[in-house]
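Chain by chain, the residues run as shown.
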Amino acid sequence: MADHTITPENNGLRIGIITAIALMAYTGIAAMAGFLHQIEAGTLDIAILIVGVVLGIKRFKKSRGNRMTYLQGFGTGIVTAMVASGLLAAFFWLLGGLSQGVVGSVERIQARDLFGADLGILISGLGIILMGSMTGVITSLIAMQYFKSPDHQPITSLD
């Protein structure tokens, strides 16, 4: 049975918040354990985000009785990623602003621009949003190849 009360937006918001909670928990643990500055620590963040996007699309498809349009699934994946990465960036800014011990870790992971100038915590948070959103877009594109409706027919030649 189809549940039409679930929209791509509210589904993406709900799953995005759940994904953000997992991302914030992992980032908090990484900061307290002292391995936040290692580049490999960010790999699990991306994996958590990918799982969140895929689960959001899967939940939406199930709510629609296994029938959804391509753009509905694509949209729910993008909203999920944007909400999760936005909340993670806010947590990152809060973490960097409150804890001086974490600021030391954050300073070690600060990005450098092409001319060698250090970029601050604000730019690092904006980078989290950008990377999370783009990861969500790419993941949604790939996931929708798997989750597209079984009655989807590719466009044939116009000749």
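Figured I'd write up the structure that's included with this text. Every chain's residues receive numbers from 1 upward, in the order its sequence appears when written. It should be noted that, the model being predicted, local features are given only for residues of pLDDT at least 70 and side-chain atom pairs only at 80 or more, the latter also being counted only at that level, while totals for whole chains, interfaces and linings use all residues. Remark: hydrogens and water are excluded; side-chain values derive from all non-hydrogen atoms of the structure.

1. Notes on the overall build of the chain
The helix count covers DSSP runs of H or I at least four residues long, the strand count covers runs of E at least two residues long, and both are numbered beginning at the N terminus. Broken down by element type, the chain carries five helices and zero strands. Put simply, the chain has 159 residues, and 38% of those count as buried. Only heavy atoms matter for contacts: two residues are in contact if any of them lie within 4.5 Å across the pair. Looking at the chain alone, contacts between residues at least 24 apart form 78% of all its contacts between residues at least 6 apart. Areas reported here follow the Shrake-Rupley algorithm with a probe of radius 1.4 Å; residue values treat only the protein chains shown as occluding. Looking at the chain as shown, the accessible area adds up to about 9,400 Å², and 70% of this sits on carbon and sulfur atoms. Relative accessibility decides the category of a residue: with a 1.4 Å probe and only protein chains considered, values under 20% of the type maximum give buried, values over 50% give exposed, and everything between is partly exposed.

2. Focus: the packing of helix α1 (residues 8–33) against helix α2 (residues 41–63)
Contact geometry of α1 with α2 gives a least axis separation of 9 Å together with a crossing angle of 155°. Taken together, α1 and α2 sit at an angle that is classed as roughly antiparallel. In terms of crossing hand, the pair formed by α1 and α2 is right-handed. Residues P8, N11, R14, I15, T19, A22, L23, Y26 and T27 of α1 form the contact with α2, whose own contacting residues are A41, L44, D45, I48, L49, G52, G56, R59 and F60. Here the residues of the contact of α1 with α2 are counted per class, giving ten nonpolar, five polar and three charged. The convention used is that axes are lines fitted to C-alpha atoms, helices contributing only their stretch in contact, and that angles between N-to-C directions extend from 0 to 180 degrees. Relative orientations are named as follows: roughly parallel for angles under 35 degrees, roughly antiparallel for angles over 145 degrees, roughly perpendicular for angles from 65 to 115 degrees, and oblique for any other angle. If you view the pair so one helix is near and one far, a crossing is left-handed when the near helix is turned anticlockwise from the far one by less than a right angle, and right-handed when it is turned clockwise. Under this grouping Gly is polar, as are all residues other than the nonpolar Ala, Val, Leu, Ile, Met, Phe, Trp, Tyr, Cys and Pro and the charged Asp, Glu, Lys and Arg.

3. As for the nonpolar core
Counting residues in hydrophobic clusters, the biggest one holds 27 residues, and the most contacted among them are L23, I57, M68, M144 and F147. Of all the secondary structure elements, the ones that give two or more residues to this core are α1, α2, α3 (70–98) and α5 (121–147). In terms of residues, this core owes the most to one element, α3, which gives nine residues. Beyond its immediate chain neighbours, meaning those up to four positions away, I57 contacts M68, G73, T76, G77, S140, A143, M144 and F147. Residues belong to one nonpolar core when they are buried, are Ala, Val, Leu, Ile, Met, Phe, Trp, Tyr or Cys, and are joined through side-chain atoms within 4.5 Å.

4. Observations regarding unusual backbone geometry
Even without being a glycine, N66 presents a positive backbone phi close to 60°. Looking at the element boundaries, N66 is found in the loop between α2 and α3.

5. Some points on the packing of aromatic side chains
Each aromatic ring pair is summarised here by two numbers: the centre-to-centre distance and the angle between the ring planes. A pair of aromatic rings is counted whenever rings of Phe, Tyr or Trp (Trp by its six-membered ring) have centres within 6.5 Å, and the orientation is called stacked for planes under 30 degrees apart, edge-to-face for over 60 and tilted otherwise. Across all of its chains, the model carries two aromatic pairs by this definition. Residues Y70 and F74 carry aromatic rings whose centres are separated by 6.5 Å and whose planes lie at 25° to one another, so their mutual orientation is stacked. Pair noted here: Y70 and F74 are both in helix α3, with a separation of four residues, about one helical turn. Overall, the relative accessible area of 28% leaves Y70 in the partly exposed class. What makes F74 buried here is its relative accessible area of 18%. Judged by centre distance (5.0 Å) and plane angle (80°), the ring pair of Y146 and F147 falls under edge-to-face.

6. Here's the deal with the packing of α2 against α3
For the pair α2 and α3, interaxial distance at closest approach is 9 Å and the crossing angle is 140°. One finds that α2 runs oblique with respect to α3. Crossing handedness for the pair α2 and α3: right-handed. On α3, the residues that touch L49, G52, V53, G56, I57 and F60 of α2 are Q72, G73, T76, G77, T80, A81 and A84. Across the contact of α2 with α3, the residue classes tally to six nonpolar, seven polar and no charged.

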